[in-house]
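What follows is the residue order along each chain.
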Amino acid sequence: MATLKAVRGTRDLLPPETELWNRIEATARRVFARYNFGEIRTPIFEDTALFARSVGEETDIVSKEMYTWEDRARAQSEKAQSLTLRPENTAGVVRAYIEHKLGESGQLQKLYYIGPQFRRERPQKGRYRQFWQIGAEAIGPPSSGSESPLRDAEVLEMLATLLDELGIKGWTLELNSVGSSADRARYNEVLRTALVSVAPKMCVDCQRRAVTNPLRVLDCKVPEDQPLIESLPKIGDSLGAEAKEHFAAVVAALDSAGVPYILNHRLVRGLDYYTRTTFEFTHGGLGAQNALLGGGRYDGLSEALGGPRAPGIGFAMGLDRLVLTLQAGDLNQESAPPQVALDAYIAPLGENLNAAALTLARELRRAGFNVELGDGSFRLKKSFEAADKIARRIVILGEDELQSGILTVKDFTRGTQTKVPRAELAAFLATAAGE
Ligand code: HAM
């Protein structure tokens with residue numbers, strides 16, 4: 001029988017790598033808390049229409065990358081519903097914002113999430129079909145200050161801080177503005193017109209994009225097309241006065257906060273809901289999939305989903321890509337996961353001592369120590385070898401020890417052997433651990 005494997009584009013995360021994942025998540029939670037973001041958890045699947053109406057029908061994500069299925073109707077009267085595994089989390093957060101009337105508090109809602117997303121992309125380094133995002137959204141009625149350029153700058157400054165605290169060095173913040181939805185629509189038409197004469201000289205994908213979604217031409221990576229793309233009109237020239245002013249204020253706030261960035265007029269992002277500020281943090285070590293994270297403003301998204309006016313800004317970082325970057329050698333001293341050796345390995349000398357060993361392990365674990373338990377069927381040599389690999393000490397539990405209540409503890413790092421009364425074992429481990 002053929003053995004079953006994880007599905008293409010998905011993978012298992014195993015210890016000790018999961019420690020790194022947990023550490024990244026813990027750092028993110030700590031930083032988000034300092035900026036007053038609270039956690040939201042939305043469902044992993046949603047009504048398909050949610051993504052069509054937010055991310056956009058014409059985008060790659062919605063048109064070809066979603067895992068969508070018809071949910072069977074349970075009763076005759078029920079209609080089958082089209083459901084989709086979430087390809088991203090902004091749509092779900094804004095749906096929840098509307099559904100729970102979070103805007104009625106009048107407060108800016110600052111929400112973060114950590115969880116898996118699903119896109120049927122071609123798997124490669126840094127690109128998976130199930131991947132993880134750590135993201136955050138700041139959304140609220142205009143009276144909550146949600147439209148203020150200060151929010152854009154605060155989010156970007158928080159991201160710079162988070163990447164620094166994670167120990168990721170050498171990132172680049174790329175920044176742009178795509179203007180209001182009217183500015184963006186206008187630019188799309190400017191591009192469409194300009195592409196009539198240029199597109200025939202470009203790759204086949206661009207020839208198609210020139211007709212279906214001209215903005216996507218700017219994402220083209222084909223080297224021969226680059227000079228042609230650079231010759232196209234730039235979005236900055238299509239921005240209205242308001243968008244220009246907003247962008248200038250964001251840039252000024254970043255300058256005064258000392259957050260470095262570069263302007264990239266081609267950064268229009270692959271999701272339709274963006275307005276005004278768009279950004280990505282890239283990292284050279286990642287290869288073709290060089291975006292550590294992406295985000296921007298979506299001032300019209302709530303209304304597009306039938307909700308109240310609620311401008312917002314947010315981002316999502318690829319957790320898989322953060323891990324790759326850190327593993328590729330960006331780990332600095334403070335951020336390197338500590339080499340955690342267990343506090344003790346308990347070696348029962350005989351199967352009849354297994355139960356007593358389990359009791360001893362339970363006592364120590366309850367006292368907060370990390371303990372592994374050997375097995376009474378092991379020879380002493382095997383126990384020593386096993387313990388030496390994973391624990392700082394081995395605690396021998398033989399008949400004599402059980403009777404006398406005096407245990408033998410061998411410390412591998414110090415090379416010492418000590419007799420310790422059982423009642424004092426926890427105290428002994430605690431003192432020794434502190435040295
Ligand atoms: P996105 O640019 O589609 O934006 O994804 C954000 C990040 O998720 C990417 O920069 C990348 O690090 C990671 N990512 C995306 N696809 C994959 C994949 N197939 N494998 C591994 N990592 C991936 C969004 O999702 C928006 N919701 C961000 C946002 C939040 N905008 C405003 N608020």
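It should be noted that the structure appears before, not after, this text.
Let me begin by describing the structure that accompanies this report.

Rules used in this analysis
- Residues numbered from 1 in each chain as written.
- Predicted model: local features only at pLDDT ≥ 70, side-chain atom pairs only at ≥ 80, totals over all residues.
- Heavy atoms only, no water.
- Near = heavy atom within 4 Å.
- Polar contact = N/O pair within 3.5 Å; in protein donor to acceptor, adjacent residues only side chain to side chain.
- Areas by Shrake-Rupley, 256 points an atom, 1.4 Å probe, with all protein chains shown as cover.
- Helix = DSSP H or I, 4+ residues; strand = E, 2+ residues; numbered from the N terminus.
- Nonpolar A, V, L, I, M, F, W, Y, C, P; charged D, E, K, R; others polar.
- Pairing = 2+ DSSP bridges.
- Axes fitted to C-alpha atoms, helices over the stretch in contact; angles between N-to-C directions.
- Buried < 20%, exposed > 50% of the residue type's maximum accessible area, 1.4 Å probe, protein only.
- Contact = heavy atoms within 4.5 Å.
- Lys, Arg positive; Asp, Glu negative; His and termini not counted.
- Salt bridge = Lys/Arg side-chain N within 4 Å of Asp/Glu carboxyl O.

1. Re the site of the ligand
Glu88, Thr90, Glu121, Tyr128 and Tyr274 are the nearest of the 27 residues found near the ligand. Interatomic distance of 2.6 Å between a side-chain N/O atom of tyrosine 274 and a nitrogen atom of the ligand. Alanine 291 is positioned with one of its backbone polar atoms (N or O) 2.9 Å from an oxygen atom of the ligand. Burial of the ligand by the protein amounts to 96% of the accessible area it has alone, namely 650 Å². Of all the secondary structure elements, the ones that give two or more residues to the shell around the ligand are strand 6 (130-139), strand 10 (291-297) and strand 11 (312-318). Here the shell around the ligand takes six residues from strand 10, the largest share from any one element. Of the residues assigned to the shell around the ligand, the class counts are twelve nonpolar, eight polar and seven charged.

2. Quick notes on the sheet that holds strand 4 (residues 81-85)
Across the sheet, three strands lie side by side as 2-4-3; this open sheet has antiparallel pairing. Of all strands in the sheet, those with a lone pairing partner are strand 2 (45-47) and strand 3 (68-71), marking the two edges. Across this sheet, the average inter-strand angle for adjacent strands is 35°, counted without regard to direction. Two strands pair when backbone bridges link them, and strand 2 and strand 4 are joined in this way by three bridges, in the antiparallel orientation. Note on strand 4: the bridge partner recorded for phenylalanine 45 is leucine 85.

3. Let's talk about the pairing of strand 14 (residues 393-397)
Most of strand 14 is tucked away, with five of its five residues classed as buried. With burial as the criterion, each face of strand 14 is covered, one bearing Arg393, Val395 and Leu397 and the other bearing Ile394 and Ile396. Inspection of the sheet shows strand 12 (residues 344-348) paired to strand 14 by four bridges, in the parallel sense. Across the sheet, residue isoleucine 346 finds its bridge partner in strand 14, namely valine 395. Pairing geometry for strand 14 and strand 15 (residues 406-411), over four bridges, is antiparallel. Following the sheet pairing, isoleucine 394 is matched in strand 15 by lysine 410.

4. Concerning the sheet that holds strand 8 (residues 262-263)
Sheet strands associate in pairs through backbone hydrogen bonding, adopting either a parallel or an antiparallel arrangement. Strand order in the open sheet made by the eight strands is 1-5-6-11-10-9-7-8, with mixed pairing throughout. Of all strands in the sheet, those with a lone pairing partner are strand 1 (38-39) and strand 8, marking the two edges. Across the sheet, helix 5 (residues 149-166) lies against strand 5 (109-118), strand 7 (171-177), strand 9 (275-283), strand 10 and strand 11, angled at about 20° from strand 11, the strand it touches most. Against the sheet, helix 9 (residues 241-257) touches strand 7, strand 8, strand 9 and strand 10, its axis set at about 155° to strand 7.

5. Considerations on the side chain of glutamate 174
Examined against the element boundaries, glutamate 174 turns out to sit in strand 7. Buried within the structure, glutamate 174 lacks any salt-bridge partner; arginine 266 is the closest side chain of opposite charge, at an N-O distance of 9.0 Å. Within the structure, glutamate 174 has its side chain in polar contact with the side chain of asparagine 264 (distance 2.8 Å). Sequence-distant contacts of glutamate 174, defined by excluding residues within four places in its chain, comprise Ile262, Asn264, Leu267, Thr278, Phe279, Glu280 and Thr282.

6. Examining the pattern of salt bridges
Tallying each qualifying case throughout the model produces 28 salt bridges. Where glutamate 165 meets arginine 34, a salt bridge forms, and the shortest distance between an N and an O atom there is 2.5 Å. Here glutamate 165 is found in helix 5, whereas its partner arginine 34 is found in helix 1 (residues 17-34), with 131 residues between them in sequence. Across the pair glutamate 303 and arginine 309 runs a salt bridge whose closest N-O atoms are separated by 3.5 Å.

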